[in-house]
Amino acid sequence: MEQNKKEKLFSAKYLVMFFITALVTAGITLLLVNIFEKKQEATLYPSVFKPVGDEEVDPKVWGENFPFEYDTYKKTETNEGQTFYGGSDNYQKLDKYPNLKILFSGNPFSKDYREERGHYWAITDVKETERINDKTPNTCITCKSSSVAVDIKKMGPENFYKAMFKDVGAHYDKSIGCLDCHDPKTMALRISRPAFIEAMERRGIDVTKASRQEMRSYVCGQCHVEYYFKGDGKYLTFPWDKGLQIDSIEAYYDEVNFNDWTHETTGSPMLKMQHPEFETWSTGIHAKSGVSCADCHMPYVKNGSVKVTDHWIRSPLKNVNNACQTCHKWSEQEMVNRVKTIQDRTYETMYRTELAIIDAINAIKAAKDAGATDEQLKEARKLHRRAQLRWDFVAAENSMGFHSPQETLKTLSNAIDYARQSQLAAERLMKNVAVK
Ligand code: HEC
Ligand code: HEC
Ligand code: HEC
Ligand code: HEC
């Protein structure tokens, strides 16, 4: 009995020792792992942070502190080829979609209209486009280069926009970079373009109060928006006073009586829409659910032990795993199919809209050729404008409907209706002219 008790005590002692040893070993292992992780973090964020100047436009200098972000940023140079409707291959859209030449007759976009590509290329592409000439205002450079953030501060926005592109923007050599989205002192996201701040202010929104999640879309909304050059000073303005939907944007333009150009074939007073990604996204299910541009276009990735932001901004279709599958449990193939279904539906409806607008264009031209007056043509031309600005709101947006599928189809169905109304109005004139 006594013997037995002793043995029990003995083995209990060993058991305790065993657990202590195990705990200590586990502790040391954890400590080592921790130190190792800290080391890895240290290589990502050097303990000696090299200060970046307020006017540092060279991403390479920022990259000395943040090699991961810099390396992924540089990948925006890569051409990954075309996706179903997007991608980073800057092919000539006028060759692929010849309807564009008819729709944009008399507008520089009928001469040169390329698919957009990565941020690395912005400065190269703006210098090369045939849409730029000696009379181009400097406003055009606003979304293409980090140097803009510096010069707008130095010159003041009014003088910056009023200058000529050939005198200022044409001499820049840096593309979109770190300074456009980050405060060099704190690395916090910040808005460097006044037009966004001013437009939000007019809508009663103070961007300095934005949440971190809002900022993850606002930084993109500085450039990925519809805009116009207001007045003789060519002041960059976003037409958002009445709201971000196309009907509100049209109402704004009608009120300030703005036209971008006169359609050469029909004489209609037209509006050219420019890449309204921010507006379109804002009407979709993802924005409503609090999903930001960065969630899909700059997803988090693991770099060693740290979660960092992928700065290779590109088509999410090339990165479905990180871009979508963090939230959606569908397979990669299923994700791609869902995007393709939305895009195919949009494209088919968009193409039908083009045919309807071209019918209207031909009807107006016929009436004009038969001698109809400007006064008589006014109604048909106005309807042509209404149809085409809606079609363009979808066509110039770069997600082929994905950012907001239902709003996009509504916009197109209204466009078809206005186009057919325009055609009817012109055909009625033809009858009248013929009778006369
Ligand atoms: C829920 C995910 C998601 C969100 C949020 C999102 N996008 Fe997209 N975006 C996509 C998908 C999918 C495409 C289609 C890509 C394609 O066709 O290759 C796309 C396409 C684009 C394109 C064209 C890319 C190309 O390859 O041609 C741009 C530019 C863009 N988005 C900008 C934005 C901006 C700016 C925001 C925020 C205002 C935003 N996106 C919000 C998923 C998203
Ligand atoms: C188009 C805007 C944009 C540009 C250009 C940009 N960033 Fe970022 N950056 C972001 C966004 C969005 C985040 C995520 C911030 C958040 O979630 O609060 C981010 C996060 C970061 C972070 C925080 C750590 C991380 O990875 O999440 C660092 C550091 C950083 N960026 C460095 C850079 C550097 C260096 C450059 C230039 C080579 C650069 N960024 C260019 C938008 C940008
Ligand atoms: C300073 C202006 C500016 C800012 C800020 C900006 N973009 Fe862009 N973005 C552009 C321009 C200009 C292009 C087209 C470049 C070209 O084709 O030469 C572009 C292209 C793109 C593309 C197409 C890439 C491809 O491979 O086809 C995507 C996607 C995109 N931007 C998303 C974003 C997102 C998301 C943000 C915010 C995190 C953002 N952008 C912030 C100006 C900007
Ligand atoms: C940060 C989370 C998040 C990310 C990232 C995300 N989604 Fe979503 N997605 C949502 C939420 C939330 C909804 C709304 C679901 C609901 O309310 O039922 C949604 C809805 C959808 C829908 C249904 C749309 C509709 O009209 O009903 C599709 C399709 C979709 N997402 C595709 C994608 C694709 C493709 C990507 C990647 C490019 C993506 N999502 C990335 C959160 C996300």
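In short, a report on the structure. Computed from a predicted model, the values in this text were never measured in an experiment. Numbers given to residues run from 1 along each chain, matching the order in which its sequence is written. Here every chain gets a letter starting at A, and every ligand a number starting at 1, in the order they are written. Restriction of local features to residues with pLDDT of at least 70 applies here, the model being predicted, together with a cutoff of 80 or more for giving and counting side-chain atom pairs; totals for whole chains, interfaces and linings are based on all residues. Neither water nor hydrogens contribute to the side-chain values; these are computed over all heavy atoms in the structure.

**Side note on the overall build of the chain**
Within the chain, the secondary structure is distributed over 19 helices and six strands. In summary, the chain has a C-alpha radius of gyration of 28 Å against a globular reference of 22 Å for 436 residues, an excess of more than 25%. If one aligns the C-alpha atoms of the chain with their principal axes, the spans along those axes are about 130 × 50 × 40 Å. Categorising residues by exposure relies on relative accessible area from a 1.4 Å probe, with only protein chains included: less than 20% of the type maximum marks a residue as buried, more than 50% marks it as exposed, and the intermediate range marks it as partly exposed. Of all 436 residues assigned to the chain, the portion counted as buried reaches 46%. The criterion used for residue contact is that any of the two residues' heavy atoms lie within 4.5 Å. Residue pairs at least 24 apart in sequence account for 68% of intrachain contacts in the chain once pairs closer than 6 positions are excluded. A helix here means a DSSP run of H or I that spans at least four residues, while a strand means a run of E at least two residues long, and both kinds are numbered starting from the N terminus. This radius of gyration counts C-alpha atoms alone. The globule rule is 2.2 Å times how many residues there are, raised to the power 0.38.

**Quick look at the coordination of the iron atom of ligand 1**
For Na, K and Ca the donor cutoff is 3.2 Å, while for all other metals N, O and S atoms count as donors only within 2.8 Å; water does not appear among the atoms, so some sites may look incomplete. All of the protein donors around the iron atom of ligand 1 are His297 (NE2) and His403 (NE2); their distances to the metal are 2.0 Å. Angular criteria define each label, namely tetrahedral for four donors with all angles between 85 and 135 degrees, square planar for four and octahedral for six donors with opposite donors over 155 degrees apart and remaining angles between 65 and 115, and irregular for whatever fails these tests. Between the six donor atoms coordinating the iron atom of ligand 1, the angles at the centre fall across 88 to 179 degrees, so the site counts as octahedral. Placement of the pair is His297 in helix H15 (residues 293-297) and His403 in the loop between helix H18 (374-395) and helix H19 (405-435), with a sequence separation of 106 residues. A relative accessible area of 18% means that His403 is categorised as buried.

**So, the packing of helix H12 (residues 246-256) against H18**
Inter-axis angles, ranging from 0 to 180 degrees, are taken between N-to-C directions of lines fitted to C-alpha atoms, where helices are fitted over the stretch in contact. Two numbers describe how H12 lies on H18: the axes approach to 11 Å, and their chain directions differ by 130 degrees. On the basis of their axis angle, the class for H12 and H18 is oblique. In the packing of H12 onto H18, the handedness of the crossing is right-handed. Only Arg385, Arg386, Leu389, Arg390 and Phe393 of H18 make contact with H12, whose side of the interface consists of Ile246, Asp247, Ile249, Glu250, Tyr253 and Asp254. Polar here means any residue outside two lists: the nonpolar Ala, Val, Leu, Ile, Met, Phe, Trp, Tyr, Cys and Pro, and the charged Asp, Glu, Lys and Arg; Gly therefore counts as polar. Looking at the contact of H12 with H18, its residues break down into five nonpolar, no polar and six charged. Between 65 and 115 degrees an angle is taken as roughly perpendicular, under 35 as roughly parallel, over 145 as roughly antiparallel, and anywhere else as oblique. The sense of a crossing depends on the near helix, which, turned anticlockwise from the far helix by less than a right angle, makes the crossing left-handed and, turned clockwise, makes it right-handed.

**Structural notes on helix H10 (residues 194-202)**
Along H10, the residues that are buried comprise Pro194, Ala195, Phe196, Ala199 and Met200. One or two positions beyond H10, positive phi appears at Gly204, with a value near 85 degrees.

**A look at the pattern of salt bridges**
When a carboxyl oxygen of Asp or Glu is within 4 Å of a side-chain nitrogen of Lys or Arg, the pair counts as a salt bridge. Summed over the entire model, instances satisfying the criterion amount to 25 salt bridges. The partner of Asp180 in a salt bridge is Arg193, and the shortest N-O contact between them spans 2.8 Å. Taken together, the residues Asp180 in helix H9 (residues 178-181) and Arg193 in the loop between H9 and H10 connect sequence positions 13 residues apart. Relative accessible area serves as the criterion here: at 3%, Asp180 is assigned to the buried category.

**Quick notes on the site of ligand 1**
To be near a molecule or strand, a residue needs just one of its heavy atoms within 4 Å of it. Surveying the vicinity of ligand 1 reveals 23 residues, the closest of which are Thr83, Cys293, Cys296, His297 and His403. We call two N or O atoms a polar contact when they sit within 3.5 Å, provided that within protein one can donate a hydrogen and the other can accept it, with sequence-adjacent residues counted only if both atoms are side-chain atoms. Thr83 places a side-chain nitrogen or oxygen 2.6 Å from an oxygen atom of ligand 1. For the shell around ligand 1, the secondary-structure elements that each account for two or more residues are helix H13 (277-282) and H15. A class-by-class count of the residues in the shell around ligand 1 yields eight nonpolar, twelve polar and three charged.

**Brief notes about unusual backbone geometry**
A positive phi is found at Asn257, a non-glycine position, where the angle reads about 60 degrees. Mapped onto the elements, Asn257 comes out in the loop between H12 and strand S3 (261-262). Owing to a relative accessible area of 63%, Asn257 belongs among the exposed residues under this scheme. Positive phi outside glycine occurs at Met400, with the angle close to 45 degrees. Relative to the helices and strands, Met400 resides in the loop between H18 and H19.

**So, the site of ligand 3**
Lining the immediate surroundings of ligand 3 are 23 residues, of which His119, Asp125, Cys220, Cys223 and His224 lie closest. The contact in question runs from an oxygen atom of ligand 3 to an N or O atom on the backbone of Gly87, over 3.0 Å. Elements with a minimum of two residues in the shell around ligand 3: helix H6 (122-128), helix H11 (212-221) and H15. When its residues are assigned to classes, the shell around ligand 3 shows ten nonpolar, seven polar and six charged.

**A short note on the coordination of the iron atom of ligand 2**
Protein-derived coordination of the iron atom of ligand 2 comes from His182 (NE2) and His311 (NE2), at a distance range of 2.0 Å. Around the iron atom of ligand 2, the six donor atoms sit at angles spanning 89 to 180 degrees, and that spread fits a shape best called octahedral. With His182 in the loop between H9 and H10 and His311 in the loop between strand S6 (306-309) and helix H16 (320-323), this pair connects stretches of sequence that are 129 residues apart.

**A word on the environment of Lys318**
Along the chain, Lys318 falls in the loop between S6 and H16. Along the primary structure Lys318 and Ser88 are separated by 230 residues, whereas in three dimensions their C-alpha atoms are 10 Å apart. When neighbours within four sequence positions are excluded, Lys318 is seen to be in contact with Glu80, Gln82 and Thr83. There is a polar contact of 3.2 Å between the side chain of Lys318 and the backbone oxygen of Glu80.

**Some words on helix H17 (residues 332-369)**
For an α-helix, the turn length of 3.6 residues means that residues three or four places apart are oriented alike. Helix span, as expected, comes to 1.5 Å for every residue beyond the first. The end-to-end C-alpha distance of H17, which contains 38 residues, comes to 55 Å, matching closely the 56 Å that a straight helix rising 1.5 Å per residue would cover. Where H17 terminates, the next one or two residues include Gly371, which has phi positive at roughly 105 degrees.

**Brief notes about the nonpolar core**
Counting 31 residues, the largest nonpolar core has Ile141, Phe160, Phe196, Tyr218, Phe238, Trp240 and Phe278 as its most contacted members. Among the elements of the structure, H6, helix H7 (147-155), helix H8 (157-162), H10, H11, strand S2 (235-237) and H13 are those that each provide at least two residues to this core. Among the elements that take part in this core, H10 stands out by supplying four residues, more than any other. Excluding its chain neighbours within four sequence positions, the residues that come into contact with Trp240 are Phe196, Ala199, Met200, Arg203, Gly221, Val225, Glu226, Phe278 and Glu279. Formed by 26 residues, the second largest nonpolar core is a distinct cluster that contains Met270, Met350, Ala356 and Ala419. Take the buried Ala, Val, Leu, Ile, Met, Phe, Trp, Tyr and Cys residues and link them wherever side-chain atoms come within 4.5 Å; each set so joined is a nonpolar core.

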